[in-house]
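Okay, here's what each chain looks like letter by letter:
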Amino acid sequence: MPCSLIVGGFFGDEGKGKIVSHLAVKDDPVLIARGGVGTNAGHSVLWKGKLYKMRMLPSGFVNQKCRLLVGPGVLVDTAVFLKETAELNAESRVGIDPQCAIIEAQHIERDRGSDYLKKKIATTGTGCGPCNVDRVGRTARLARDVPKLKQYLTDVAFETNTAIKEGKNVIIEGTQGTFLSLFHGTYPYVTSKDVTASSIAADIGVGPKAIDEVIVVFKAYVTRVGGGPLKDEITEEEAVKRGWYEVATVTGRKRRSAPFDFDLAKRSVMLNSATQIALTKLDILFPECKRAKNFGEIPKEAVKFIKKVEDSVKTPVTLLGTGPSVDEIIDRRKILP
Ligand code: GTP
Ligand code: IMP
Ligand code: MG
């Protein structure tokens, strides 16, 4: 499909990095454009035995032919951007929009120095909230004002819309998760802007009619970092026992966990107008699924769980994560009409 948009269905960390990198390899898009908030994101990509933790550039870097773009709605931390670009040797294929707002040291200080943000909301401390405050106040500097970024500046909306118009495959990568949205999430325990599909598209400058597929990513259980409600939350001890215990990519904090929430999933599908579901960490709930690549290999209980998800959200589960590596996935998009 020419334009697919990927978003998180719960509270972030659903495994979007792994799903996007699989699609980048399989669908061979000409470009991947990242939306979302900024460097508060941490996407893990385990590719050919090496673990990459992306905070700024799109996770689809594994496809060497892809342009890697950052849309004007995304906040850029210059140091993180340059570091990731150098680490990936991606100088010739990264592009950043001149209108991206810049995270400065003072934004990070304000984020970490505020008791409200640090202790009550328990933000990632990456300066994103205070930077978005300045963007709304129209005092933030933009990428076009930073000499070190000059060589990477490009009109991301134009590049992306041109590729879509030419019928080429394009991926739009969201970050965070639906219930961290400033509008639709568990306010005040949310991030500093909306992160549902419509806003992710707007971060790039692509209108809703240009999106062909909206893939919402759910993990087979729910995790959340920082403050805020989490229905049926289990204890850390129980999480360790079940193999659900995780540590956050950006902050190293513990992720809280709970069983899959069918009501939240249903609402997420509604808020994002999802056309497909990706379900990650199936191998953690059902160890027999580990490394499976075909639907026929997975046990009956796992099939039952997938059916239950599909029946409750009325949307097909097309991608199934069966391990952390990019190729540990079942891709059954052929079931789509
Ligand atoms: P955010 O933008 O923060 O939401 O990032 P994300 O959705 O990309 O998730 P993140 O990388 O923070 O956390 C997901 C973790 O699960 C990573 O360690 C992945 O390597 C791992 N992972 C992803 N899919 C699977 C899967 O199907 N099975 C297993 N076992 N691990 C997975
Ligand atoms: P902020 O986005 O750093 O302001 O943090 C606000 C809330 O969103 C906190 O609860 C963070 O833990 C959470 N958050 C922000 N980005 C992510 C993410 O990428 N994954 C998971 N949680 C996130
Ligand atoms: Mg993450």
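Preceding block: the structure.
A brief structural summary. Note that this is a predicted model, so its numbers are computed, not measured.

The subject of this paragraph is unusual backbone geometry. Glycine aside, a negative phi is what most residues show, and trans is what most peptide bonds show. Residue Pro188 follows Tyr187 across a cis peptide bond; omega there is 5°. As for its placement among the helices and strands, Pro188 is situated in the loop between strand E7 (170-173) and helix H7 (197-204). For Gln176, which is not a glycine, the phi torsion comes out positive at approximately 55°.

Here we come to the coordination of the magnesium ion (ligand 3). Each pair of donors in an ideal octahedron of six around a metal sits at 90 or 180 degrees, and each pair in an ideal tetrahedron of four sits at 109.5 degrees. At the metal site, the magnesium ion (ligand 3) is ligated by Asp13 (OD) and Gly42 (O), and these contacts range over 2.0 to 2.2 Å. In this pair, Asp13 sits in the loop between strand E1 (3-8) and helix H1 (16-27) while Gly42 sits in the loop between strand E2 (31-34) and strand E3 (43-47), placing the two residues 29 residues apart along the sequence. Asp13 sits in the partly exposed class, given a relative accessible area of 22%. Given a relative accessible area of 14%, Gly42 falls into the buried group.

For the rest of this paragraph, the subject is the site of ligand 2. By nearness alone, 16 residues border ligand 2, and Asn40, Thr124, Thr191, Val225 and Arg253 come closest of all. Within the side chain of Thr124, one N or O atom sits 2.6 Å away from an oxygen atom of ligand 2. Measuring from an oxygen atom of ligand 2, one finds a backbone N or O atom of Val225 at 3.1 Å. The residue makeup of the shell around ligand 2, split by class, is 7 nonpolar, 7 polar and 2 charged.

Quick look at the packing of aromatic side chains now. One pass over the structure, following the stated rule, counts 11 aromatic pairs. Their ring planes at 5° and their centres at 4.7 Å tell us that Tyr221 and Trp244 sit as a pair that is stacked. In this pair, Tyr221 sits in strand E9 (residues 221-224) while Trp244 sits in the loop between helix H8 (236-242) and strand E10 (246-247), placing the two residues 23 residues apart along the sequence. Exposure class is identical for Tyr221 and Trp244. Each is buried. Each member of the aromatic cluster is reached from another via a ring pair, and the members are Phe10, Phe218, Phe260, Phe262, Phe286 and Phe305. The aromatic ring of Trp244 is capped on one face by Arg242, whose charged end is 4.8 Å from the ring centroid. Over the face of the ring belonging to Phe295 we find Arg332, whose NZ or CZ atom lies 3.9 Å from the ring centre.

Let's shift gears to the environment of Gly36. Assignment of secondary structure puts Gly36 in the loop between E2 and E3. Residues Gly36 and Lys193, spaced 157 residues apart in sequence, show a C-alpha to C-alpha distance of 8.3 Å. In this structure, Gly36 is in contact with Gly73, Val74, Thr175, Gln176, Lys193, Ile200 and Asp203, ignoring residues within four places of it in sequence.

Strand order in the open sheet formed by 3 strands is E9-E11-E10, and the pairing between neighbours is antiparallel. Taken across any chain shown, the strands that pair with only one partner, and hence form the sheet edges, are E9 and E10. With 4 bridges connecting them, E9 and strand E11 (residues 254-259) associate as antiparallel partners. Among the inter-strand pairings, Tyr221 is bridged to a residue of E11, identified as Pro259.

This next bit is on the sheet that holds E2. A sheet is described by the order of its strands in space; here 9 strands give the open sequence E6-E5-E2-E7-E1-E8-E12-E13-E14, paired in mixed fashion. Every interior strand has two partners, whereas the edge strands, strand E6 (94-96) and strand E14 (329-331), have only one. Pairwise comparison of adjacent strand axes, ignoring direction, gives a mean angle of 20° for this sheet. Strand direction decides the pairing type here: strand E8 (residues 213-219) and strand E12 (residues 276-280), joined by 5 bridges, are parallel. The residue of E12 that forms the bridge with Lys219 is Thr280. Lying over the sheet, helix H9 (residues 262-272) contacts E1, E8 and E12, oriented at roughly 155° with respect to E8.

Two side chains that carry opposite charge are able to pair once their charged atoms sit near each other. Considering all chains together, one arrives at 27 salt bridges under this definition. In this structure, a network of salt bridges that share partners links the residues Asp13, Lys219, Glu246, Arg255 and Lys281.

Positionally, Ser59 belongs in the loop between strand E4 (50-54) and strand E5 (67-70). Within the structure, the side chain of Ser59 is placed 2.7 Å from the side chain of Glu173, a separation counted as a polar contact. Look past the residues within four positions of Ser59 in its chain and what remains in contact with it is Gly17, Val20, Ser21, His43, Val45 and Glu173.

What follows concerns the pairing of E12. By the criterion of burial, E12 is predominantly enclosed, with 5 of the 5 residues buried. Of the two faces of E12, both are covered, the one formed by Gln276, Ala278 and Thr280 as well as the one formed by Ile277 and Leu279. Across 3 bridges, the pairing between E12 and strand E13 (residues 317-321) is parallel. Of the residues in E13, the one forming a bridge with Leu279 is Leu320.

This next bit is on the site of ligand 1. Around ligand 1 sit 21 residues, and of these Asp13, Gly15, Lys16, His43 and Ser44 come closest. Interatomic distance of 2.8 Å between a backbone N/O atom of Lys281 and an oxygen atom of ligand 1. Thr322 has a polar backbone atom sitting 3.5 Å from an oxygen atom of ligand 1. Protein chains bury 91% of the 660 Å² of accessible surface belonging to ligand 1 in isolation. Looking at the shell around ligand 1, the elements with two or more residues in it are H1, E3 and helix H10 (282-285).

So, how was this worked out
- Residues numbered from 1 in each chain as written.
- Chains lettered and ligands numbered in written order.
- Predicted model: local features only at pLDDT ≥ 70, side-chain atom pairs only at ≥ 80, totals over all residues.
- Heavy atoms only, no water.
- Helix = DSSP H or I, 4+ residues; strand = E, 2+ residues; numbered from the N terminus.
- Donors = N, O, S within 2.8 Å, 3.2 Å for Na, K, Ca; no water.
- Buried < 20%, exposed > 50% of the residue type's maximum accessible area, 1.4 Å probe, protein only.
- Near = heavy atom within 4 Å.
- Polar contact = N/O pair within 3.5 Å; in protein donor to acceptor, adjacent residues only side chain to side chain.
- Nonpolar A, V, L, I, M, F, W, Y, C, P; charged D, E, K, R; others polar.
- Phe/Tyr/Trp six-rings, centres within 6.5 Å; stacked < 30°, edge-to-face > 60°.
- Lys NZ or Arg CZ within 6 Å of the ring centre and 35° of its normal.
- Contact = heavy atoms within 4.5 Å.
- Pairing = 2+ DSSP bridges.
- Axes fitted to C-alpha atoms, helices over the stretch in contact; angles between N-to-C directions.
- Salt bridge = Lys/Arg side-chain N within 4 Å of Asp/Glu carboxyl O.
- Areas by Shrake-Rupley, 256 points an atom, 1.4 Å probe, with all protein chains shown as cover.

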